[in-house]
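# Commentary on secondary and tertiary structure
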Amino acid sequence: MTMQAPLRPGTTATGSIRSVDADRNAGGRSAGRRGGVANWPVTIVLVVCALSVLVPLYVTVTMAFKTTSQAVDGNAFSLPAPFSVDGFVQAWQLTDFPRAFGVSVLVAAITVAGTILLASFTAYAIARNWDRRLFRWSFFYLLAAMFLPFPVLALSQVKLTGLAHLDNPIGVAILHVMFQLSFSVLLFTAFLRSIPAELEESARIDGASTGQVFWRLVFPLLAPMSATVGIFAFLASWNDFVMPSLITSDPALQTLPVLQQMFQTQFSNNYNVSFASYLMAMAPAIIVYLVTQRWVMAGVTQGAIK
Amino acid sequence: MATTTTESVTTAGRRRRGGAAPRLQAGTAGTRRKGRRLDPLFLAFLLPTLVLFTLAITLPAVMGIVLSFTNSVGFGEFRFTGLTNYVAVFSDPAILQAYLFTIGFSLVTVIVVNAVAFLLAIALTSKVRGKIALRAVFVLPMVISGIVIAYVFSFLFANSLPALASAIGFAPLEQSILANPDLAWIAIVVVTAWQAIPSTLLIYIAGVLSIPGEVYEAAALDGASSWRQLISITAPLTAGYILINLVIGFKNFLNSYDIIVGLTDGGPGTSTTSVAMSIFKGFNGGDYAYQMANATIFFVIAVVIAVIQLRATRGKAAL
């Protein structure tokens with residue numbers, strides 16, 4: 001029974017990928033669910049709404065595969081007439097894609113790992129010591145940053161990262177983690193409060209130390225929330241424009257979104273090249289999303305049910 | 001990974017030794033609430049975060065606020081000049097316009113985003129076909145960089161929309177709305193909402209799904225209409241989620257930068273210059289201390305609005 005406790009959360013975390021829909025059926029609004037009649041009017045409205053998401057992406061893809069001469073004719077909705085990858089070839093060279101991609105991956109990876117670990121450590125310490133002033137106040141201290149506008153900090157951060165020799169992608173990643181903390185600690189803390197204390201107490205009765213309770217029981221239990229926190233951290237980091245553009249001093253170490261600026265100034269009429277480059281900047285995030293979306297949804301859903 | 005294995009071994013070892021240690025632990029667990037000793041590990045979990053956070057966030061914030069009372073240009077020597085910068089900021093029409101634009105834009109956007117996301121969440125949790133695919137599509141904008149999608153939309157607003165408008169003979173849209181000082185803000189609201197709806201939607205879906213189905217069954221038995229269920233059950237029971245979405249959304253929109261840079265770059269003229277843009281433009285212009293005063297005022301406004309928002313929503317949740 002007691003050995004079972006640390007194992008169970010692990011299985012739910014992996015099992016949750018398939019159980020998204022089971023969850024929804026069990027925990028969701030059940031009015032009419034067993035009736036089996038689909039609500040077609042709402043479905044049709046939703047499909048029309050979905051077009052507003054898909055059309056800009058459709059335009060991005062078709063423009064990217066056009067030739068320069070077809071791209072400038074102004075018809076965004078036409079299909080590429082001669083199908084061309086020239087745009088991609090040129091965009092690849094102009095942005096030095098492999099290097100920019102590497103920098104973006106590095107920044108995002110540090111941000112995700114750093115955010116999940118630091119935020120879960122902090123949230124666990126806070127949630128289990130809420131009766132102590134230091135921890136309670138730390139929570140509000142971290143949370144207060146959610147109201148701190150980035151522009152207030154920007155130039156001082158530029159100066160400080162310069163002094164600390166962190167005016168590079170590593171410095172950007174550290175700042176990304178710091179900006180993710182408030183939201184992530186909030187999510188983890190709310191989640192931790194909903195975990196019954198008996199679970200941890202029974203592990204402690206078996207002689208587990210705080211560290212063991214955290215790594216073997218709490219951290220696995222947090223897995224769905226970690227997935228959510230991790231995905232949000234990845235997206236914020238991968239897509240950020242303002243921080244790398246201000247912090248990173250060496251243009252050769254710039255991330256993908258920042259590099260897209262060149263198509264507004266230097267190559268503004270080569271629409272096929274610029275859209276190919278936009279597509280290459282978007283694609284990794286879209287692929288990660290398509291692979292992980294069920295974890296995100298399961299994480300958010302389970303976080304709410306717990 | 002390695003630590004987990006060692007830990008499991010020691011746990012097993014301790015368990016085999018039996019008796020004394022577990023009983024001691026049980027005693028500690030029993031008196032948990034009163035005078036419990038603080039495990040140093042909790043401090044080790046908390047303090048690195050506090051130190052890093054203070055260095056990366058609090059220190060720059062304090063530096064910025066202190067320097068706003070000086071004549072610093074961002075480097076080198078400076079001296080304190082009192083409230084000079086603040087007086088100048090308050091009489092600067094460009095900055096006042098940036099505040100009006102930013103707050104108005106944020107209000108409109110937070111309403112649009114939350115209304116659409118809430119309705120979408122309800123629709124997506126009801127009995128519709130292709131639920132999984134639809135949800136996947138609606139969440140998609142969240143994963144796309146703001147600056148990149150703004151570039152895509154700026155092409156659509158500048159080229160495709162006018163072409164479409166003249167094809168159907170709709171005169172007001174035949175010119176790019178990005179070039180119209182009175183309409184450019186609409187484009188910014190559209191793209192900002194396009195990108196902000198997914199995360200708001202996900203939180204609302206979680207909120208709607210957290211309501212037990214029995215509540216609706218009971219309401220249906222009592223003859224409550226779907227509208228009545230929405231107002232009396234879904235909205236109040238998701239009040240916590242609404243609060244989170246409003247606060248996070250409004251705070252994000254106040255800081256709007258990427259999408260505006262990508263769409264209008266603050267123009268035409270300065271009609272869509274946000275506060276964040278005016279502050280960053282000041283950095284390049286060398287009037288660092290002046291823009292720090294602007295930033296400090298911006299911070300105070302953000303806090304005041306957040307407090308008002310929290311109070312307002314809390315009042316509604318209590319009703």
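Treat the numbers as computed from the prediction; the structure is a model and nothing was measured.

### Quick look at the overall build of chain B
Scanning chain B from terminus to terminus reveals 14 helices and zero strands. Taken from N to C terminus, the helices and strands of chain B fall in the order α-α-α-α-α-α-α-α-α-α-α-α-α-α. Expressed as a percentage of the 319 residues in chain B, the buried residues total 40%.

### As for the overall build of chain A
Helix and strand content of chain A: 15 helices and zero strands. Across the 306 residues in chain A, those meeting the buried criterion constitute 48%. Put simply, 79% of the contacts in chain A that link residues at least 6 apart link residues at least 24 apart.

### So, the environment of A283(A)
Mapped onto the elements, A283(A) comes out in helix α15 (residues 271-305). Sequence separation of A283(A) and L199(A) is 84 residues, and the distance between their C-alpha atoms is 42 Å.

### A short note on the interface of chain A and chain B
If you look at the interface, chain A gives 84 residues, while chain B gives 89 residues. Sorting elements by how many residues they give to the side of chain A that touches chain B places α15(A) first, with 14 residues. Across the side of chain A that touches chain B, the residue classes break down as 52 nonpolar, 23 polar and nine charged.

### Quick look at the confidence of the model for chain B
Residues and elements named next belong to chain B. Chain-level statistics for chain B give a pLDDT mean of 81 and a share of 84% at 70 or above. Of all the helices and strands in chain B, helix α1 (residues 2-17) carries the lowest mean pLDDT, 38, while helix α5 (residues 93-125) carries the highest, 93. Long-range and interchain partners of residues 1-34, a stretch whose pLDDT sits below 50, account for 27 contacts in this model, where long-range means more than four residues apart. Per the prediction output, this complex has pTM 0.79; the corresponding ipTM is 0.79.

### Notes on the nonpolar core
In this structure, F188(A), I188(B) and L201(B) are the most contacted members of the largest nonpolar core, which totals 167 residues. The leading source of residues in this core is helix α8 (residues 184-209) of chain B, at 18 residues. Setting aside chain neighbours within four positions, we find I188(B) in contact with F105(B), I259(B), I260(B), L263(B), T264(B) and T272(B).

### With respect to the packing of helix α5 (residues 97-128) of chain A against helix α8 (residues 169-193) of chain A
Residue and element names in this part refer to chain A. One can describe the packing of α5 onto α8 by two numbers: an axis separation of 6 Å at closest approach and a directional angle of 35°. The interaxial crossing formed by α5 with α8 has right-handed handedness. Across the contact of α5 with α8, the residue classes break down as 18 nonpolar, nine polar and one charged.

### Thoughts on the environment of V103(A)
Residue and element names in this part refer to chain A. Here V103 shows up in helix α5. The sequence separation of V103 and K66 amounts to 37 residues, and the corresponding C-alpha distance is 28 Å. Not counting residues within four places of it along the chain, the set of residues in contact with V103 comprises P169, L253, Q254 and T255.

### Thoughts on unusual backbone geometry
Residue and element names in this part refer to chain A. If you check the backbone angles, D96 has positive phi at about 50° while not being a glycine. Here D96 lies in the loop between α4 (86-94) and α5. D96 sits in the partly exposed class, given 14 other C-beta atoms within 10 Å.

### A few points about the packing of α5(B) against helix α11 (residues 239-254) of chain B
Residues and elements named next belong to chain B. Interaxial distance between α5 and α11 falls to 9 Å at its minimum, and their mutual angle equals 140°. Between α5 and α11, the angle is such that the two are oblique. The two elements α5 and α11 meet at a crossing, and its hand is right-handed. On α11, the residues touching T102, F105, S106, T109, V110, V113 and N114 of α5 are N245, L246, G249, F250, F253 and L254. Taken together, the residues that form the contact of α5 with α11 break down as seven nonpolar, six polar and no charged.

### A word on the environment of A108(A)
All names here are of chain A. Here A108 lies in helix α5. Spatially, the C-alpha atom of A108 lies 28 Å from that of A50, the residues being 58 residues apart in sequence. If near-sequence neighbours (up to four positions away) are discounted, A108 is found in contact with F234, S237 and W238.

### Let's talk about helix α11 (residues 223-239) of chain A
A rise of 1.5 Å per residue sets the reference length of α11(A), with its 17 residues, at 24 Å; its end C-alpha atoms lie 24 Å apart and thus fit the reference within 8%. When you tally the buried positions in α11(A), you get 16 out of 17 residues, the bulk of the element.

Criteria and cut-off values
Residues numbered from 1 in each chain as written. Chains lettered and ligands numbered in written order. Predicted model: local features only at pLDDT ≥ 70, side-chain atom pairs only at ≥ 80, totals over all residues. Helix = DSSP H or I, 4+ residues; strand = E, 2+ residues; numbered from the N terminus. Buried ≥ 20, exposed ≤ 12 C-beta atoms within 10 Å, placed from the backbone. Contact = placed C-beta atoms within 7 Å. Nonpolar A, V, L, I, M, F, W, Y, C, P; charged D, E, K, R; others polar. pLDDT = per-residue confidence, 0-100. Core = buried A, V, L, I, M, F, W, Y, C linked by C-beta atoms within 7 Å. Axes fitted to C-alpha atoms, helices over the stretch in contact; angles between N-to-C directions. Left-handed = near helix turned anticlockwise from the far one by under 90°. Parallel < 35°, antiparallel > 145°, perpendicular 65-115°, else oblique. Expected span 1.5 Å × (residues − 1).

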